[in-house]
Structures are given as structure tokens and as C-alpha cells.
Amino acid sequence: EQVFTRPEKIAMENKLALLLEEESIRFPKIDVLIRELKRYRGVGAPKSKLGEGSHDDCVSSLMLLAKMLPRSPLGQTDTAPTRHQAAWETRRNRN
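What comes next concerns the included structure. (Residues numbered from 1 in each chain as written. Predicted model: local features only at pLDDT ≥ 70, side-chain atom pairs only at ≥ 80, totals over all residues. Heavy atoms only, no water.)

Some points on the overall build of the chain
- Within the chain one finds 4 helices and 0 strands.
- N-terminal to C-terminal, the α/β element order of the chain is α-α-α-α.
- Residue burial in the chain is summarised as follows: out of 95 residues, 34% are buried.
- For the chain, the computed accessible surface area is about 6200 Å², with 53% contributed by carbon and sulfur atoms. (Helix = DSSP H or I, 4+ residues; strand = E, 2+ residues; numbered from the N terminus. Buried < 20%, exposed > 50% of the residue type's maximum accessible area, 1.4 Å probe, protein only. Areas by Shrake-Rupley, 256 points an atom, 1.4 Å probe, with all protein chains shown as cover.)

See the structure below:
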């Protein structure tokens, strides 16, 4: 089992959020992934906020994939710790 430190997970969240915001990453419409992305609250959010029976496994997998991708077109890999929350909100509101 792979365990990530809080700073590592924040960096992965930030990179995925940036890629989503820039529309630099695409993935098939997988209902469970879309549902998890809409509900995802980020590092530090209580699991109970996701709702009973909810998971973040698909989002975590997508974050690992994003971590392996080259730098974003803007040349950034990470952003300020609070920026990912705004990107998640933007993405959630689009769907």
C-alpha cells in the first residue's frame, strides 16, 4: 500500500486541479469518477463530508496519473495550497 504525506497529496491535488482547469487532461466519462470529482473536497476534509459509502479512489488514481504527466503547458507543476480548492469548485460547478 502506497502512503502519501500531506504535502505530497496537496502537490498531486494542485497539479490535477491545474490540469483540469487548463483542460490539459482528458478522460472518458466514467460515472463513478465524475461523481467522485464532484464530491471531492481535498486534503484535510473529513471523509464524512463525501457522504456515506463515498470514496475517493478514482480521484486518487487520477491524481497519480497527473503526477506522472509532464509539466503543464504553462510550465507549472504545483500551485499555492489554497488554489486547488477553487479549481475543484470550478470543475464541480461545470458538471
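So, unusual backbone geometry
- Its identity is not glycine, yet Glu23 carries a phi of approximately 55°, on the positive side.
- In this fold, Glu23 is placed in the loop between helix 1 (6-21) and helix 2 (31-39).

Focus on the packing of helix 2 against helix 3 (residues 57-68)
- Contact geometry for helix 2 and helix 3: axes closest at 8 Å, N-to-C directions at 90°. Between helix 2 and helix 3, the interaxial angle falls into the category roughly perpendicular. Here helix 2 contributes Val32, Leu33, Glu36 and Leu37 to the contact with helix 3, which in turn contributes Asp57, Cys58, Val59 and Leu62.
- Looking at side-chain class alone, the contact of helix 2 with helix 3 contains 6 nonpolar, no polar and 2 charged residues. (Axes fitted to C-alpha atoms, helices over the stretch in contact; angles between N-to-C directions. Parallel < 35°, antiparallel > 145°, perpendicular 65-115°, else oblique. Contact = heavy atoms within 4.5 Å. Nonpolar A, V, L, I, M, F, W, Y, C, P; charged D, E, K, R; others polar.)

Notes on the nonpolar core
- The biggest cluster of nonpolar side chains holds 12 residues, and these are Met12, Leu16, Leu19, Leu20, Ile25, Leu33, Leu37, Tyr40, Val59, Leu62, Met63 and Ala66.
- At the level of secondary structure, the elements contributing two or more residues to this core comprise helix 1, helix 2 and helix 3. (Core = buried A, V, L, I, M, F, W, Y, C linked by side-chain atoms within 4.5 Å.)

So, the pattern of salt bridges
- One pass over the structure, following the stated rule, counts 1 salt bridge.
- Lys9 is the partner of Asp56 in a salt bridge, and the nearest nitrogen-oxygen pair spans 3.8 Å. Of this pair, Asp56 sits in the loop between helix 2 and helix 3 while Lys9 is found in helix 1, placing the two residues 47 residues apart along the sequence. (Salt bridge = Lys/Arg side-chain N within 4 Å of Asp/Glu carboxyl O.)

Notes on helix 2
- Burial in helix 2 covers these residues: Leu33, Ile34, Glu36 and Leu37. Buried residues in helix 2, looked at end-on, bunch into an arc of 165°, giving them a common side. (Arc of directions from axis to C-beta.)

A few points about the environment of Leu18
- Topologically, Leu18 is positioned in helix 1.
- Given a relative accessible area of 3%, Leu18 falls into the buried group.
- Separated by 48 residues in sequence, Leu18 and Ala66 place their C-alpha atoms 9.8 Å apart.

Considerations on the environment of Lys15
- Turning to its location among the elements, Lys15 is positioned in helix 1.
- Taking the relative accessible area as the measure of exposure, Lys15 reaches 7% and is therefore buried.
- Separated by 49 residues in sequence, Lys15 and Leu64 place their C-alpha atoms 9.9 Å apart.
- Within the structure, the side chain of Lys15 is placed 2.4 Å from the backbone oxygen of Leu69, a separation counted as a polar contact. (Polar contact = N/O pair within 3.5 Å; in protein donor to acceptor, adjacent residues only side chain to side chain.)

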